[in-house]
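So the chains spell out like this:
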2 protein chains.
Amino acid sequence: MTLETVSQNRSHEGVQSVCRHVSRETRTAMTFSVFVPAHEAGARLPVVWYLSGLTCTHANVTEKGEFRRACAELGLVFVAPDTSPRGEGVPGDPAGAYDFGLGAGFYVDATQPPFADNYRMWSYVTDELPELIAGHFPVDAGRQSILGHSMGGHGALTVALRFPGRYRAASAFSPIVAPSQVPWGIKALGGYLGEARSAWRRHDAVALIEDGARFSGFLVDYGGADQFLTEQLRPELLQHACTQAGIPLSLRCQAGYDHSYYFVSTFMEDHLRWHAARLAG
Amino acid sequence: MTLETVSQNRSHEGVQSVCRHVSRETRTAMTFSVFVPAHEAGARLPVVWYLSGLTCTHANVTEKGEFRRACAELGLVFVAPDTSPRGEGVPGDPAGAYDFGLGAGFYVDATQPPFADNYRMWSYVTDELPELIAGHFPVDAGRQSILGHSMGGHGALTVALRFPGRYRAASAFSPIVAPSQVPWGIKALGGYLGEARSAWRRHDAVALIEDGARFSGFLVDYGGADQFLTEQLRPELLQHACTQAGIPLSLRCQAGYDHSYYFVSTFMEDHLRWHAARLAG
């Protein structure tokens, strides 16, 4: 695969790159960012995957996430993909809404027309992009972890639950934990996967746990002043499912914080330290 | 003066606000950001002024500057003004260039038509905005410091040199140190102040020092890979002037870094610690 370097900037003694490639999964050009901290020649570093939320590209967390300082200190590679295919000919929401289509891939492989040809973000983030990263950057595929924000928190939790042997840690900021039960998720999963709800369960963290999926433990932060908390996020559903299943969950309500990157950036270092402890050795 | 709160977000245990007001100086609506860390009721905190570079608004450093974590730890209020008047009827560069007019006020009070009516950024950042901040936020006017980036580094150095008793510390990232001697500055000072170069000297850090202005010391970082270094920034001119005048200057070349916020954010904490040490007590 050919990888085009869009930009490279030295930051916190490492290199923040933005790259572009033509994806076999989405059949579009895809852009992602990757931060590689300073390291000894030949070293292979643990890699943290960050999945972004609705409307975001790689750029939101790259500019506002405040992750580089901690990644530099902890020796972590940080990869941030886009949230959907984009470009000419890629179908979006018929009404132009922000919560479906462009910027809202929900980390699934769509089965429904007209989305099935391009909206293959599940395979993109779990298969194609890991292969690309492993081929071009100094990462240790045996030491991976994943986190995300909002829709990307949904992505991180579902990916971890379906690949518990691949990711040593998983955490989320303000995740959608049960998309089958909330408006954003019902619209997205219905639109991409069709009306048969049985197909949704593999893309719903709470349903996956109910169906027997397990993971070593989650760290989840949400803001007490998050405007989406009670209708779209519903962290209590994850708490209930984890308790029933015996999955360790550190669920923290951060009083006064909202859904924005002002919240994410505040607790990013905490999450990265939690990941680093599980990626060590 | 009426102050409109555009947004407020909790971050790093403090509050990041964006505010708007109608400026008596620029005769336009002006937007600025201010971060107030958590503090005891009734406390008045030291305040750090941050002046931004060409093309920037308050938003660039607010989103990309990575200052909140350190300000929260050190107990510093951080204020970021816009870089020029904006809006309907405000004249810009006749050719639409980025280095003059909108987004490029150069922290002077223009004397030349058609700019003199609105381009009064010197009085705005040294007089009107400090008064507004003191009236609405818990700051200690006896403990102020100033820093800036590029054109804003020029602003920070000249403001400090002209008010050495007001600011306890001054520092800069990649500053324009001698605008009278470089293309950006010659265009801007000529356009705003006219062709008589005697009027430029009060807005040129190197000339101010040559003319007898003094300050307790500066911290200046620049990137070794900064594309503007040799033509526009020329830190060696500041070094020479400070040496001649006996002004302590900590001038650091950071190898591999460019002119971007990836550079600024890397060394922001360093600068804020340097300011905090001088603002203590």
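The rules we used
- Residues numbered from 1 in each chain as written.
- Chains lettered and ligands numbered in written order.
- Predicted model: local features only at pLDDT ≥ 70, side-chain atom pairs only at ≥ 80, totals over all residues.
- Heavy atoms only, no water.
- Buried < 20%, exposed > 50% of the residue type's maximum accessible area, 1.4 Å probe, protein only.
- Helix = DSSP H or I, 4+ residues; strand = E, 2+ residues; numbered from the N terminus.
- Pairing = 2+ DSSP bridges.
- Axes fitted to C-alpha atoms, helices over the stretch in contact; angles between N-to-C directions.
- Contact = heavy atoms within 4.5 Å.
- Salt bridge = Lys/Arg side-chain N within 4 Å of Asp/Glu carboxyl O.
- Least-squares fit on C-alpha atoms with pLDDT ≥ 70 in both.

Trainee: How should the pairing of strand β4 (residues 45-51) of chain A be read in this particular structure?
Mentor: On a regular strand, each side chain points to the face opposite its neighbour's, so the side chains alternate between the two faces of the sheet. Residues and elements named next belong to chain A. Burial within β4 is extensive, with seven of its seven residues counted as buried. Sheet topology places β4 next to strand β5 (residues 77-81); three bridges connect them, and they run parallel. Note that in β5 the partner of Val48 across the bridge is Phe78.

Trainee: So what exactly am I meant to see when it comes to the sheet that holds strand β7 (residues 167-173) of chain B here?
Mentor: Hydrogen bonds between backbone atoms are what pair the strands of a sheet, whose relative direction is either parallel or antiparallel. Residues and elements named next belong to chain B. Strand order across the open sheet formed by nine strands is β1-β2-β3-β5-β4-β6-β7-β8-β9, with mixed pairing between neighbours. Edge positions in the open sheet fall to β1 (4-11) and β9 (249-254), since each of these has one partner strand only. Mean inter-strand twist for the sheet, computed between neighbouring axes without regard to direction, equals 20°. Where strand β4 (residues 45-51) meets strand β6 (residues 139-149), six bridges bridge the pair, whose relative direction is parallel.

Trainee: Any chance you could explain the sheet that holds strand β8 (residues 218-223) of chain A here in plain terms?
Mentor: The sheet built from nine strands is open, its strands ordered β1-β2-β3-β5-β4-β6-β7-β8-β9 (chain A) with mixed pairing. What marks the edges here is a single partner per strand, and that holds for β1 (4-11) and β9 (249-254) of chain A. Adjacent strand axes in the sheet meet at a mean angle of 20°, parallel and antiparallel pairs treated alike. As paired elements, β1 of chain A and strand β2 (residues 14-22) of chain A share seven bridges and run antiparallel to each other. Paired with Asn9 of chain A across the two strands is Gln16 of chain A, which belongs to β2 of chain A. Where helix α9 (residues 261-279) of chain B meets the sheet, it contacts β1 and β2 of chain A, and its direction lies at approximately 25° from that of β1 of chain A.

Trainee: Is there a simple way to think about the pattern of salt bridges in this case?
Mentor: Pairing is possible between side chains of opposite charge, provided their charged atoms come close. Residue and element names in this part refer to chain A. This structure, assessed with the given rule, holds 44 salt bridges over all chains. For Arg120, the salt bridge is made with Glu25, and the minimal N-O distance between the two is 2.8 Å. Of the two residues, Arg120 sits in the loop between β5 and α3 (121-136) while Glu25 sits in the loop between β2 and β3 (29-36), which places them 95 residues apart along the sequence. A relative accessible area of 11% places Glu25 in the buried class. The shortest N-O distance in the salt bridge between Glu210 and Arg201 comes to 3.0 Å. Its relative accessible area of 52% is what places Glu210 among the exposed residues. On the accessibility criterion, Arg201 (31% relative accessible area) is partly exposed.

Trainee: Sorry, what's going on with the relation of the copies chain B and chain A here?
Mentor: Each of the two copies of the chain can be brought onto the other by a rotation about an axis and a shift along it. Note on the copies: chain B fits chain A at an RMSD of 0.0 Å, the axial shift is 0.0 Å, and the rotation between them is 180°. Within this description, the copies of the chain are treated as partners about a two-fold rotation axis. Residue Lys64 of chain B of chain B places its C-alpha closer to the rotation axis than any other residue of that unit, at 2.8 Å. Looking at chain B, 100% of its interface residues are interface residues in chain A too, so the copies touch through the same face.

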